[in-house]
Every structure is written in C-alpha cells, then in structure tokens.
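Descriptive structure summary
So you can see what is in the structure, the chains are spelled out below.
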Amino acid sequence: MTKSSEKLKETLSLISHVRKFVVLKFTPSELSVISINGQAVKSEPQVWCKLPVSELFQSCEIQSVRDNTISMEINIDLLVQTLKNFDKANSEGLNIRLQRTDTSGAKGTSTTTGRTASLALFYSNLNINANVVNHTFRIPVKILRDAQDMLHEPTHSDLGLIMRLPNEFVTMFKRLEKFKKVPSSESVTIRASRRNGGFLGFILEESGKFKVTISWNDKLEVHKPTTTENDSLRETLRNGLVNWVRMRKI
C-alpha cells in the first residue's frame, strides 16, 4: 500500500511529455523510473529517477530470482491517469500488484506483443450513499528479463555545474522533437553557463545550411558545488530530485 502517490505522479507526469513508455525497476529499497528510447537503447541517453521505496509505500514485498529486482516496461500515460483517478477518489490507500498473464491471455494482453503481465492498481472509496466502491485498473506491462544488459545507470564522477529546472522546461524538449526528421539532427550540442543568471541552450546545426540555438530565456537556479559538497549533493540527487541537470563544465 502506498504512503503517498504524489511524488510518483509528479515524476511520471514530467516524463510523459517526452516518452510514452518508461521502465519501472523495483528493488526492496528503490523504485527507479527510467526513460529510454526502446528503438535505440544502446545509442541514446537514459534518464534515471530513483525514489526511496520507504517514502512511497507503507509496505513492499518483492521476490525475484534476479536479486529481488523486477524491471518492466509500461505505458506512462495509463499509469499517470490511474494515479489521477486515485487522487480524485479520495481513498486512503493505493495497492499495487504485479500479475502474470496465463496462456489464455487473461489479466494482460496478447503474448505476441511481449506484454505477458499487468500491473494491477486497486483501491476503495465511499460513494455519496456511504457504500464501498472498489476500483481495479490493470495496465499491461512487459517484463524485462535481460534488463541488466540494456539498463545502465548514468554515473557522474564530477559535479561541475548543477541547474534546477522549472517544470515548464519540458516545452524545450517538445521544440527539440520538431527537429527529429532532419537528417543532421541525430546529435545536439548542449551549452551551459552560470553567467548572467544561468544559461542552458541546445545547438543544432548543419554546415552551410542552418544553425539553431534553442535556449531558456528566463533565469535558472545555478549551483556550483565545492569539492567538500560533492558527496552530499550526490546523495541529495540520488534521493529523488529528478528535475536537476547534472553536467560537466563546458
């Protein structure tokens, strides 16, 4: 049963503007929400958000032959909508359970899609007549048995510059999406500076044709850690602050 679904809902809502599917990695101590491109897992960056299980759930039981770790791919929009429905119901607790699909396809989707399980979310609330109403939502998921080969948590040996980004920053990624169809847009240069209230820009160019810089025009909260602060900052970032950009000096 969840303690609070608010942090999970906020995290997923931010990612939903960029990806339709994410990977949820459950361990006894952490829930990792991983944004990846399923078509180019090894060639594109992965974005990890790690949330302490103790802050999300009153109790959590995970059993797996893979070091008690379960990774699954899930439709993020369906999960966010279910969490919103739970908030509107004003229920006291949300229960989450992973259910396997049997050979007939019950409780899941067709095995041809690889989604051979479902994540069941269920809760109860009272209606206007004081009657108990039970709600159950089953979201098809794909169990990733070879997740250790495709999922690699990003590491940062040097925290040279940290910027806290506002939630509205997701509109920047939407603008970058428009350049996907341009052949030369397979790579983008990221430029950051703490001068003049902070600058963060994305540069796309094709020699002799165009050079476009998409940048955030408002001030950004910038922090340049000292050597003694690095360890504590790593711990802070590890505990669920998902909307920070961590990068080396440019």
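Every value quoted in this text rests on a predicted model; they were computed, and no experiment measured them. (Residues numbered from 1 in each chain as written. Predicted model: local features only at pLDDT ≥ 70, side-chain atom pairs only at ≥ 80, totals over all residues. Heavy atoms only, no water.)

Observations concerning the sheet that holds strand β3 (residues 47–52)
- As summarised here, the arrangement of the 7 strands in space is β3-β2-β1-β4-β7-β6-β5, forming an open sheet in which the pairing is antiparallel. Each end of this open sheet is capped by a strand with a single partner; those strands are β3 and β5 (95–100). Taking the axes of each pair of neighbouring strands and ignoring which way they run, one obtains an average angle of 30 degrees across the sheet.
- Each of β1 (21–26), β2 (30–35) and β3 touches helix α1 (residues 6–15); the most contacted strand, β2, lies at about 15 degrees to it.
- Strand contacts of helix α3 (residues 76–89): β1, β4 (70–75), β6 (117–126) and β7 (132–143), with the helix running at about 15 degrees to β6, the strand carrying the most contacts. (Pairing = 2+ DSSP bridges. Helix = DSSP H or I, 4+ residues; strand = E, 2+ residues; numbered from the N terminus. Axes fitted to C-alpha atoms, helices over the stretch in contact; angles between N-to-C directions. Contact = heavy atoms within 4.5 Å.)

Topic: the confidence of the model for the protein chain
- With 74% of its residues at a pLDDT of 70 or more, the protein chain has an overall mean of 76.
- Segment residues 108–112: pLDDT under 50, and 8 contacts once partners within four positions in sequence are set aside and those in other chains are kept.
- Below a pLDDT of 50 lies the segment residues 236–250, which in the model reaches 41 contacts outside its immediate sequence neighbourhood of four places, other chains included. (pLDDT = per-residue confidence, 0-100.)

Brief notes about empty space enclosed by the protein
- Counted by the stated rule, this structure contains 2 cavities of 30 Å³ or more.
- For the largest cavity, the calculated volume is near 40 Å³.
- L8, L24, F26, L31, F57, L79, I96 and L119 are the residues that line the largest cavity.
- Partitioning the lining of the largest cavity into residue classes produces 8 nonpolar, no polar and no charged.
- Size it by volume and the second largest cavity reaches roughly 30 Å³.
- Looking at the second largest cavity, the residues that line it are T2, S4, S5, L8, L56, F57, L94 and I96.
- Along the lines of polarity and charge, the residues of the lining of the second largest cavity split into 5 nonpolar, 3 polar and no charged. (1 Å grid on protein atoms, 1.4 Å probe; cavity = no way out; pocket = protein on both sides within 12 Å on 5 of 7 lines; lining within 4 Å. Points joined across faces, edges and corners; volume = space filled by probe spheres on them. Nonpolar A, V, L, I, M, F, W, Y, C, P; charged D, E, K, R; others polar.)

Brief notes about the side chain of S71
- Along the chain, S71 turns up in strand β4.
- Using a relative accessible area of 7% as the deciding quantity, one classes S71 as buried. (Buried < 20%, exposed > 50% of the residue type's maximum accessible area, 1.4 Å probe, protein only.)

Quick notes on the packing of aromatic side chains
- Following the criterion strictly, the structure yields 4 aromatic pairs and no others.
- Centroid distance F169 to F202: 6.4 Å. Interplanar angle 50 degrees. Geometry classified as tilted. Of this pair, F169 sits in the loop between β8 (161–164) and α5 (170–177) while F202 sits in strand β10 (residues 199–206), and the two are 33 residues apart along the sequence.
- According to the relative accessible area criterion, F169 is buried, its value standing at 3%.
- Residues F169 and W216 carry aromatic rings whose centres are separated by 5.5 Å and whose planes lie at 50 degrees to one another, so their mutual orientation is tilted. Of this pair, F169 sits in the loop between β8 and α5 while W216 is found in the loop between β11 (210–215) and β12 (221–223), placing the two residues 47 residues apart along the sequence. W216 matches F169 in its accessibility class, with the two residues each being buried.
- Taken together through their ring pairs, the aromatic side chains of F86, Y123 and F137 make up a single cluster. (Phe/Tyr/Trp six-rings, centres within 6.5 Å; stacked < 30°, edge-to-face > 60°.)

Notes on the nonpolar core
- Core analysis: the largest hydrophobic core is formed by 31 residues, its most contacted members being L8, L12, V22, L24, V33, M72 and I74.
- Broken down by element, this core gets its largest block of residues, 6 residues, from α3.
- Beyond its immediate chain neighbours, meaning those up to four positions away, M72 contacts V22, V23, L24, F26, L98, L119, V141, K142, I143 and L144.
- Within the second largest apolar cluster, 13 residues are counted, among which are L165, L176, L200 and W216. (Core = buried A, V, L, I, M, F, W, Y, C linked by side-chain atoms within 4.5 Å.)

Concerning the pattern of salt bridges
- One pass over the structure, following the stated rule, counts 5 salt bridges.
- Between K7 and E55 there is a salt bridge; the shortest N-O distance is 3.0 Å. Placement of K7 in helix α1 and of E55 in helix α2 (residues 53–56) is noted, with a sequence separation of 48 residues between them.
- The class of K7 is partly exposed, set by a relative accessible area of 32%.
- Overall, E55 belongs to the partly exposed group, its relative accessible area being 43%.
- The network of salt bridges with shared partners includes E6, K9 and D87. (Salt bridge = Lys/Arg side-chain N within 4 Å of Asp/Glu carboxyl O.)

Things to note about the sheet that holds strand β9 (residues 189–193)
- The sheet built from 3 strands is open, its strands ordered β9-β10-β11 with antiparallel pairing. At either margin of the open sheet sits one strand with a lone partner, and together these are β9 and β11. The average angle at which neighbouring strand axes cross in this sheet is 25 degrees, direction not considered.
- Where β9 and β10 come together, 5 bridges link them in antiparallel fashion. Pairing of R191 across the sheet is with G201, part of β10.

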